[in-house]
Amino acid sequence: MSESLLQVKNAYKFFGGLAAVTDVSFEIRKGEILALIGPNGAGKTTVFNVVNGFYKPSRGEVWFKGRNISGLKPHKICRMGMARTFQVVKPLQRMSVLDNVVASAFLRAESREKAVEIAEETLKFTGLYEDRDVISKGLPLGKRKRLEIARALATQPELLLLDESFAGLNPAELDESIGIIRRIKERGITIFIIEHHMKVIMAISDRIVVINYGQKIAEGSPEEIQANPAVVEAYLGEDHHA
Amino acid sequence: MNAAQVEVLLQTLIAGVLLGGLYALIGLGMTLIMGVMKIINLAHGELMMVGMYIAYWMFSLFGIDPYVSVFIAGPLLFFLGILIQKYLINTVLRVDSILPENQVILTVGVGMILASAATIAFKSDYRSTPVKYGTSAFYLSDLWKGSPIELSLSIPWSVSFLFALAITAGLWFFLQRTDTGKSIRATAQDLDAALLMGVNVQRMRVVTFGLGSALVGAAGCLFIPIYYLYPALGGQFTLIAFVITILGGLGSNVGAILGGLILGLFESLTATYVGMGWAPVGRFVIFIAALLFLPGGVASLLRRRAFGK
Amino acid sequence: MKKPLIPLAVLAVLAVLPFSGLSTYMMHILILVLMWTTIGMSWNLLGGYCGQVSFGHAAYFGVGAYTAGLLYFKLQASAWWGIPLSVAVVSVFAFVLGYIVLKLRGPFFALATLASGEVLRITTENWNGFTNGTLGILIQERTWVAKTQYYYIILAITAFTFLLVRRLVASKWGYYFVAVREDQDAAESLGIDTTKYKTIALVVSAALTGICGAFYTNYMGFIDPHIVFALHDISIITIMIVMVGGVATQWGPLVGAGIMVLLAEWIRSIPGLGASHQAFFGVLLVLIILFLPNGIVGDFRKITRLFGRARA
């Protein structure tokens, strides 16, 4: 078994007395794709926010690369090598696609030339190079989702958090994005992904964590999860988004 | 503490509570607008100034008592607020610009126009309405002959305070019990949910801006028997409204009432024990303290207690 | 013309202007335009590029002005020392203030800055022992009678500010400022320390504004709390200059300052208008927000298109 990159240890998150996340623990191993799934409102994005530092866990700890990062600011955690995308895309709207990625590439670049170089390379990698001069507000949704990924990649992370990067994509865009995710993995970057598309999840993830009502209800390989009665029950009544 | 000092302290506290009641009304109007529209109305004090001039006019032209003018200025300001919201703010919401604060800057423009319109119409003179009861008061010694200390309760201040209480109660009833009131609260709480529930959000915004303006206009009428009036007075009250809202907790009605009372007491204490000119500084000290130590305002304290945490 | 040549050409024109035999009054207008251009450019760095709309730039202007004024008034030193000293004083002041106000976002930041300007005005009015209160500070002896020297000093300050802002905006900091403006959460998650960069933008912007305040004291020879901490006549006018000219544009503040100063002079010259000049500015502000939200430079295409259609 490969080395552990991130551990969430008994994390809780309360909002004004209501628990959004309750006693969630799991780990992410170097080089794998771990998926976090669960019905709508299960607390998936809250888990992301706890991991990347937008929220400090109310109780419990988050460890990244052998260091306790609970309570660290997101920018510090990003500098340590963790980047994320947002479910509701947040492009830097009035900047061009290239400038969006340059802004994040500056994290590891001393000069502007270097930042532009990283950014252009990332855009080619994600298939956005042709659109580099488009103001990002004008991009179609599929490309905006990909811009999120490009921007996160330009910070040269070891762990990439993807929050529903496939939602709302058409089948062609879906295939393209799956290809990009696979290539990211080939580069040795660990991926932690929230996804609704069961087909995508089953196709790309190594392991899956399932949460419902803020609690972890299952963890295992895609085959194990598909056969798990608790998971099936959690999704009963909800369609499978397949 | 000797009797004279106790007297000064009690008198100061009374004045603070009375002022706080009126402040609460100003804060409520601001909070309401902020909650529903998510913008700050920097013309709030100027709207109050307009309310005061209406009351002043009614008094000097027709001899109408300022307290009766509450029922004239309130509806007029409601209408003015609706016009501002419908034709200016709603228009800006549709304009694409780099700075989202455009709406706030717009209200600054509206405030400037109102203030200088008042200057043109009334000159920058200080004015007041010489109501008959202007200086009359209840005295403690009238009720209790042997009282060791003497306290007074100004009649116009007390009446204004009672009016403010009545208006606040009326507002509470409106928000809790009427369909429009419930829709306004829903819009403030969760815009998307309100839209899904079929609330006409656009209409609620217009109504809310009108309501907020009417409240502060009414507050203006309550201030006129006890305050000097001049065109530039608005800016000061816009700031007061903002301090109250921060102090109370953004968008919280109960918070605005408590914030108004706290500010009233604090200003009254500063004026007595530090000096009249420093009362505005005290206002900002409490404002900065609230920002630093109580970012959610008084409302966050209430909420924390409610959850027992 | 190649792009880097335009600023040099503008500078050259501005540098030879005093030799064209302008009247004292015209020189005064030019000095005001340059001073407001500088204030506008520094506001633009914080408001336009970093997206933190300040309604309280009078605070920094005033602290700069009083730094120069108090040097003269309390220590009998030359008020000109106020220009370098104001950089330090205003920077420290803005840093401390930023700690409080930069926790707030959007309109709340705007209002907290507005309050900070007002606090300073009221404090300065009441702190008689230190600031001479509402009486203000009068510099008894003026350094020069003619305007030319003052003109070149403010021209140097303006050119320096222009260059500084231009370089900052093109650098990593500039990218970070705009990222913060566009989306603070996204910026933070991309490894940008948003608090740090907002503080940098605020401190630089405040210090540049403070220099103008110190210059103002020297140039006008008289300051009082109502003048230098004015909400409408300083803080709001600053915003209007940038909005008229163009938010987040290089040349917007110059264009805006030119228009606003000339407008103000023109309105003042209309007899019988008196107090209503504020109404005029108010209407102008509303019209700009409705029709030219990104200013003349920012919406230049929109304007030319309008005129083009009219001609066709």
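### A closer look at the packing of helix 8 (residues 172–182) of chain C against helix 10 (residues 194–220) of chain C
Residue and element names in this part refer to chain C.
Link 1 in the chain: Relative to each other, helix 8 and helix 10 sit at 110°, their axes nearing to 10 Å. It follows that helix 8 is roughly perpendicular to helix 10 by the angle criterion. Counted together, Trp173, Tyr176, Phe177 and Val180 of helix 8 and Thr194, Tyr197, Lys198, Ile200 and Ala201 of helix 10 form the full contact between these two elements.
Link 2 in the chain: Taken together, the residues of the contact of helix 8 with helix 10 sort by class into seven nonpolar, one polar and one charged.

### Here we look at the sheet that holds strand 5 (residues 67–68) of chain A
All names here are of chain A.
Link 1 in the chain: One open sheet holds the four strands; their spatial order is 2-1-4-5, and the pairing between them is antiparallel. Of all the strands in the sheet, just strand 2 (18–29) and strand 5 have a single pairing partner and so form its edges.
Link 2 in the chain: The pairing of strand 1 (residues 4–15) with strand 2 spans eight bridges and is antiparallel. Bridge pairing in strand 2 links Ala11 to Val24.
Link 3 in the chain: Strands in contact with helix 1 (residues 44–52) are strand 1, strand 2 and strand 4 (59–64); relative to strand 2, the strand with the most contacts, it is inclined by about 65°.

### So, the domain arrangement of chain A
All names here are of chain A.
Link 1 in the chain: One can read the domain layout of chain A as domain 1 (1–77 + 206–242) and domain 2 (81–195).
Link 2 in the chain: Inter-centroid distance (C-alpha atoms) of domain 1 to domain 2 is 23 Å.
Link 3 in the chain: Listed as interface residues are 19 residues of domain 1 and, on the opposing side, 16 residues of domain 2.
Link 4 in the chain: Of all the elements in the fold, those that place two or more residues in the side of domain 1 that touches domain 2 are strand 1, strand 3 (33–37) and helix 1.
Link 5 in the chain: When its residues are assigned to classes, the side of domain 1 that touches domain 2 shows 12 nonpolar, three polar and four charged.

### Quick look at helix 1 of chain A
All names here are of chain A.
Link 1 in the chain: The element helix 1 is extensively covered by neighbouring structure, given that eight of its nine residues are classed as buried.
Link 2 in the chain: Residues of helix 1 that are buried include every one of Lys44, Thr46, Val47, Phe48, Asn49, Val50, Val51 and Asn52, and no others.
Link 3 in the chain: Phi for Gly53, located one or two positions after helix 1, is positive at around 100°.

### A short note on helix 7 (residues 148–170) of chain C
Residue and element names in this part refer to chain C.
Link 1 in the chain: Between the first and last C-alpha of helix 7 there are 33 Å, a value that for 23 residues agrees with the 33 Å anticipated at 1.5 Å per step.
Link 2 in the chain: Looking at helix 7, one finds that the buried residues are Tyr150, Tyr151, Ile154, Leu155, Ile157, Thr158, Thr161, Phe162 and Val165.
Link 3 in the chain: The inward-facing, buried residues of helix 7 contact helix 1 (5–16), helix 2 (24–49) and helix 10.

### So, the interface of chain C and chain A
Link 1 in the chain: Between chain C and chain A, the residue contacts involve 15 residues of the former and 21 residues of the latter.
Link 2 in the chain: Those elements that place two or more of their residues in the side of chain C that touches chain A are helix 8 and helix 9 (184–189) of chain C.
Link 3 in the chain: Looking at the side of chain C that touches chain A element by element, the count peaks at six residues for helix 8 of chain C.
Link 4 in the chain: When grouped by side-chain class, the residues that make up the side of chain C that touches chain A number seven nonpolar, two polar and six charged.

### Points about the interface of chain C and chain B
Where interface size is given, it is often the accessible area lost as the parts come together that is meant.
Link 1 in the chain: Taken together, the contacts link 35 residues of chain C with 38 residues of chain B.
Link 2 in the chain: Elements with a contribution of two residues or more to the side of chain C that touches chain B: helix 2, helix 5 (106–126), helix 12 (231–245) and helix 14 (277–291) of chain C.
Link 3 in the chain: At 11 residues, helix 5 of chain C tops the list of elements feeding residues into the side of chain C that touches chain B.
Link 4 in the chain: Residues belonging to the side of chain C that touches chain B are distributed by class as follows: 23 nonpolar, 11 polar and one charged.

### Here we look at the confidence of the model for chain C
Residue and element names in this part refer to chain C.
Link 1 in the chain: On average, residues of chain C score 87 in pLDDT, and 93% of them reach the 70 mark or higher.
Link 2 in the chain: Looking over chain C, one finds the lowest element-wise mean pLDDT in helix 16 (residues 300–311), namely 59, and the highest in helix 10, namely 95.
Link 3 in the chain: The complex prediction reports pTM at 0.86, with the ipTM value standing at 0.87.

Definitions and cut-offs
Residues numbered from 1 in each chain as written. Chains lettered and ligands numbered in written order. Predicted model: local features only at pLDDT ≥ 70, side-chain atom pairs only at ≥ 80, totals over all residues. Axes fitted to C-alpha atoms, helices over the stretch in contact; angles between N-to-C directions. Helix = DSSP H or I, 4+ residues; strand = E, 2+ residues; numbered from the N terminus. Parallel < 35°, antiparallel > 145°, perpendicular 65-115°, else oblique. Contact = placed C-beta atoms within 7 Å. Nonpolar A, V, L, I, M, F, W, Y, C, P; charged D, E, K, R; others polar. Pairing = 2+ DSSP bridges. Domains from an automatic or database assignment. Buried ≥ 20, exposed ≤ 12 C-beta atoms within 10 Å, placed from the backbone. Expected span 1.5 Å × (residues − 1). pLDDT = per-residue confidence, 0-100.

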